[in-house]
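Each chain is listed here by its residues.
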Amino acid sequence: MDIIVCVKQVPDTTDVKIDPKTGTLIREGVPSIVNPDDKHAIEEALRLKEKHGGKVTVLSMGPPQAGDALREASAMGADDMILLCDRAFAGADTWATSYTLGEAAKKIGYDLIICGREAIDGDTAQIGPQMAEHLELPQITYVRKVDVDNGKIICERALEDGYERVEANLPALLTVISDVNKPRYPSVRGIVEAYQEKEITTWTAADIQADEKCIGLDGSPTSVKKSFAPEPKGEGEILEGTTNEVCKQLVAKLMDKNVVR
Amino acid sequence: MEFALNKEQEMIRKTAREFAENEIGPIAAEIDETTEFPKDTVKKLGELGFMGMTVPKEYGGAGMDDVSYAIAVEEISRVCASHGVTMSVNNSLVCWPLQKYGTEEQKQKYLIPLANGEKLGCFGLTEPNAGTDAGSQTTVARKEGDKYIINGSKVFITNASQSQTAIIFAMTDKSKGTRGISTFVVDTDTPGFSIGTIEQKMGIRGSVQAELVFENMEIPQENLLGKEGRGFGLAMATLDGGRIGIASQALGIAQAAYEESVKYAKEREQFGKPIAKFQAIQWFIADMATEIDAARLMVYKAAFDKWQGKPYTVSAAMAKFFASDIAMNATRNAIQIHGGYGYTKEYPVERFYRDAKITEIYEGTTEVQKMVIAGNLLK
């Protein structure tokens, strides 16, 4: 089973600081990481490969340094690395990005595409579903468990109050959530191979025969009008003590605020 | 001149740090308390390739450079020095001499499973009366036909009771002094091999140090490692590399003490402000950071020398001497910054202090490092 995993290199937002004057992210000195949900996607692809054979290709769109995210995926065990890197891709919104990734996926060939639920820098969760639409694939989102049987994929799809069991024919596209697995660590040998033995294949817009009207800024129907940091919420308060004590404190506080009478 | 790590080295640091913080961190204080050997995490380190990092791929290793190895020991020791020494011994004192001096058969049989983490190894040189004076071996290997009969004992042997393979030293010809010492690779399930006293220690309590006892242990002659009579040189060369591992361990402990100190100094308030605002504390922090930076440069330099195939006896001895010394300073002052709390098990700095002390002693005391340095400079 040949699987494509889409990965994004993102700033480590656990480390991110906001410039209080401009309200924008301070990117300087912030390390880049593989988007956390994407690591779960890589892990799930590797598990499926170990069980059913085939190959795992990791795919990303971004500047040359995004190659580091692909190499990390490779050190975990992914077979091939493909980076879509072209100035013509710059300024893409999720629609143009998902078109571009989809065109690359067509060129690679696949039985299954796995994406992380969402990236921590944009939080849109749109790339996976939009790719599925571009490629006219069945899609299962918010997946927490995956089984493949007889050319079909059976997933548990997490809902707020339970889960759905969804079956789809292959090829298909999944987006996975962090509950799906625990990503493995890259191995030392994998790191050596990723950096010293394997090559990243770089494709431009021409390589994937992308329609220039559908990529980059020109192919993006949405644009960012304004970005701002939301007002910081007041600090939460943690009540401590036995359950009884905590409940009494809580009720007193709620009464104090006239939430309950 | 290039001070930056390359991408592989950065990823080794990131991976080792994540593994250490997520997998080892939660048990570090516990194994220090119970002295239970952390079999599962050591096994996982092996599976990830951290137990034979610089061994070539064809012999089960990862084919990594020595600076990456130093970084990995540093990062693991930053969270738990017990795991640090377990790892350092297998890499430096067991895999390395097998790779350097082993026959093809020995490499196939012993090096591959040690480097790929299936097995764990130990290094038996020290005896009750042969510590710094390692040449005064009383363990005897008597040749009989195509085998050696070995009798004697070793003490303070790291990994001993958890090992499947031991590299041991014995006198094959007492009349020749240090030129009569030979090295053997031994399966620890060989009849006549047993584990004696397991040491109760001040620090590195999650690692195991024990006595090896040999009673009429028969070892086939093909298990002779290197040439007969060359064991002392083999041991000294092996310890040169081991010192890079221990220096990295000391560096990791010092780094941990520093980080805990910074965190505590910012949180703890006295006289109405964080103690980090007081110059006494600032000086501790400045001293620690400066010494750690110097030690790190020395440790990586020694590892770099080894990787480049340059002489590293002196740079490794200097790195170990200096890094262990500053680990003592950093951990002692970390407790001082923490005050009474630092003396309790509520904070990890007392463990760091107990762990740091051994780095001034094993694989050559600080005084031995100075002998090695001066001996080489005054040749």
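Structure shown above.
On a predicted model such as this, the values are computed, not experimentally measured, just so you know.

**Some points on the overall build of chain B**
(1) Moving on: When you go through chain B residue by residue, the secondary structure sums to ten helices and ten strands.
(2) Moving on: Taking 379 residues into account, the globule formula puts the C-alpha radius of gyration at 21 Å, and chain B, at 21 Å, falls close to it.
(3) Moving on: Oriented by its inertia axes, the alpha-carbon framework of chain B measures out at about 80 × 45 × 40 Å.
(4) Moving on: Burial statistics for chain B: of 379 residues in total, 57% are counted as buried.
(5) Moving on: At a minimum sequence separation of 6, the contacts of chain B that also span at least 24 residues come to 74%.
(6) Moving on: Across chain B, the centroid of the 42 positively charged side chains sits 3 Å from that of the 49 negatively charged ones.

**Here we look at the sheet that holds strand 1 (residues 2-6) of chain A**
All names here are of chain A.
(1) Moving on: One open sheet holds the nine strands; their spatial order is 11-10-9-12-8-1-6-7-13, and the pairing between them is mixed. The two strands at the open ends of the sheet, each matched to only one other strand, are strand 11 (162-169) and strand 13 (200-203). Each adjacent strand pair in this sheet contributes to an overall mean axis angle of 30°, direction not counted.
(2) Moving on: Relative to strand 12 (residues 172-176), strand 9 (residues 139-149) runs parallel, the two being bridged by three bridges. Bridge assignment links Gln 139 to a residue of strand 12, and that residue is Leu 173.
(3) Moving on: Sheet strands in contact with helix 4 (residues 127-135) are strand 1, strand 8 (112-116), strand 9 and strand 12, and its direction is about 175° off that of strand 12.

**Some words on a nonpolar patch on the surface**
(1) Moving on: Together, Val 251, Met 255, Val 259 and Val 260 of chain A line one region of the surface with nonpolar side chains, adding up to about 330 Å² of accessible area.
(2) Moving on: Within the fold, Val 251 of chain A resides in helix 6 (residues 243-256).

**Re the side chain of Ser 77 of chain B**
All names here are of chain B.
(1) Moving on: Here Ser 77 is to be found in helix 3 (residues 66-79).
(2) Moving on: Judged by its relative accessible area of 2%, Ser 77 is buried.
(3) Moving on: Other than its neighbours up to four places away in sequence, Ser 77 contacts Gly 84, Gln 249, Gly 252 and Ile 253.

**Description of the side chain of Gln 209 of chain B**
All names here are of chain B.
(1) Moving on: Looking at where Gln 209 falls in the secondary structure, it is placed in strand 7 (residues 209-220).
(2) Moving on: With relative accessibility at 5%, the residue Gln 209 sits in the buried group.
(3) Moving on: Here the side chain of Gln 209 touches Thr 158 through a polar contact of 3.0 Å, side chain to side chain.
(4) Moving on: Ignoring sequence-local partners within four residues, the contact set of Gln 209 consists of Val 85, Phe 156, Ile 157, Thr 158, Thr 197, Ile 198, Glu 199, Lys 201 and Ile 204.

**A short note on the nonpolar core**
(1) Moving on: Counting residues in hydrophobic clusters, the biggest one holds 101 residues, and the most contacted among them are Phe 50, Met 53 and Leu 98 of chain B.
(2) Moving on: In terms of residue count, helix 6 (residues 231-267) of chain B provides more of this core than any other element does, 15 residues in total.
(3) Moving on: Contacts of Met 53 of chain B, omitting those with residues within four sequence positions, involve Val 188 of chain A together with Ile 12, Ala 62, Gly 63, Met 64, Ser 68, Tyr 69, Ala 72, Met 87 and Asn 91 of chain B.
(4) Moving on: Listed in part, the 34 residues of the second largest apolar core include Val 56, Ala 73, Ala 78 and Ala 172 of chain A.

**Re the interface of chain A and chain B**
(1) Moving on: In this assembly, 18 residues from chain A lie in contact with 20 residues from chain B.
(2) Moving on: Summing both partners gives a buried area of about 1700 Å² for chain A against chain B, and 59% of it is carried by carbon and sulfur.
(3) Moving on: For the chain A face of the interface with chain B, the top three residues by lost area are Tyr 185, Val 188 and Arg 189 of chain A, together amounting to 41%.
(4) Moving on: Linking chain A to chain B there are six salt bridges.
(5) Moving on: A salt bridge links Lys 57 of chain B to Glu 197 of chain A; its shortest N-O distance comes to 2.7 Å.
(6) Moving on: Viewed at the interface, chain B and chain A are joined by eleven residue pairs in polar contact (both at pLDDT 80 or more).

**Details of the pattern of salt bridges**
All names here are of chain A.
(1) Moving on: For the coordinates displayed, the defined rule picks out 43 salt bridges over all chains.
(2) Moving on: Between Asp 37 and Arg 117 there is a salt bridge; the shortest N-O distance is 3.5 Å. Separated by 80 residues along the polypeptide, Asp 37 in helix 1 (residues 36-52) and Arg 117 in the loop between strand 8 and helix 4 bring together distant segments of the chain.
(3) Moving on: Here Asp 37 falls in the buried class, since its relative accessible area comes to 10%.

**Brief notes about the environment of Gly 206 of chain B**
Residues and elements named next belong to chain B.
(1) Moving on: Position of Gly 206 relative to the elements: it lies in the loop between strand 6 (193-198) and strand 7.
(2) Moving on: The exposure class assigned to Gly 206 is buried, which follows from its relative accessible area of 0%.
(3) Moving on: Sequence separation between Gly 206 and Arg 332 is 126 residues; the distance between their C-alpha atoms is 21 Å.
(4) Moving on: The contact partners of Gly 206, leaving out residues within four places of it in the chain, are Ile 31, Glu 36, Phe 37, Pro 38 and Ser 82.

**What to know about the packing of helix 3 of chain B against helix 7 (residues 279-307) of chain B**
Residues and elements named next belong to chain B.
(1) Moving on: Contact geometry of helix 3 with helix 7 gives a least axis separation of 7 Å together with a crossing angle of 140°. As judged from the angle between their axes, helix 3 and helix 7 are oblique. For helix 3 against helix 7, the interelement crossing comes out right-handed. Taken together, the residues of helix 7 that come into contact with helix 3 (itself represented by Asp 66, Val 67, Ala 70, Ile 71 and Glu 74) are Arg 296, Val 299, Tyr 300, Ala 303, Phe 304, Lys 306 and Trp 307.
(2) Moving on: Looking at the contact of helix 3 with helix 7 residue by residue, the classes come out as eight nonpolar, no polar and four charged.

**Quick look at helix 6 of chain A**
Residue pairs three or four apart in sequence face the same way in an α-helix, which turns once every 3.6 residues.
(1) Moving on: Counted at 1.5 Å a residue, the expected span for helix 6 of chain A with its 14 residues is 20 Å, and the 20 Å between its end C-alpha atoms agrees.
(2) Moving on: Looking one or two residues past helix 6 of chain A, Asn 258 of chain A carries a phi angle of roughly 60°, positive in sign.

**A few points about unusual backbone geometry**
(1) Moving on: Of note, the amide linkage connecting Leu 170 of chain A to Pro 171 of chain A takes the cis form, showing an omega dihedral of 0°.
(2) Moving on: Its place among the elements puts Pro 171 of chain A in the loop between strand 11 and strand 12.
(3) Moving on: The phi angle at Phe 156 of chain B is positive, at roughly 60°, despite the residue not being glycine.
(4) Moving on: Tracing the backbone shows Phe 156 of chain B in strand 3 (residues 147-158).
(5) Moving on: On the basis of relative accessibility, which here comes to 54%, the residue Phe 156 of chain B falls in the exposed class.

Each value, and the rule that gives it
Residues numbered from 1 in each chain as written. Chains lettered and ligands numbered in written order. Predicted model: local features only at pLDDT ≥ 70, side-chain atom pairs only at ≥ 80, totals over all residues. Heavy atoms only, no water. Helix = DSSP H or I, 4+ residues; strand = E, 2+ residues; numbered from the N terminus. Rg over C-alpha atoms; globule rule 2.2 N^0.38 Å. Buried < 20%, exposed > 50% of the residue type's maximum accessible area, 1.4 Å probe, protein only. Contact = heavy atoms within 4.5 Å. Lys, Arg positive; Asp, Glu negative; His and termini not counted. Charge placed at Lys NZ, Arg CZ, Asp CG, Glu CD. Pairing = 2+ DSSP bridges. Axes fitted to C-alpha atoms, helices over the stretch in contact; angles between N-to-C directions. Patch = residues over 30% accessible without salt bridge, like charges linked within 9 Å, V, L, I, M, F, W, Y side chains within 5 Å. Areas by Shrake-Rupley, 256 points an atom, 1.4 Å probe, with all protein chains shown as cover. Salt bridge = Lys/Arg side-chain N within 4 Å of Asp/Glu carboxyl O. Polar contact = N/O pair within 3.5 Å; in protein donor to acceptor, adjacent residues only side chain to side chain. Core = buried A, V, L, I, M, F, W, Y, C linked by side-chain atoms within 4.5 Å. Buried area = accessible area lost by both parts, 1.4 Å probe. Parallel < 35°, antiparallel > 145°, perpendicular 65-115°, else oblique. Left-handed = near helix turned anticlockwise from the far one by under 90°. Nonpolar A, V, L, I, M, F, W, Y, C, P; charged D, E, K, R; others polar. Expected span 1.5 Å × (residues − 1).

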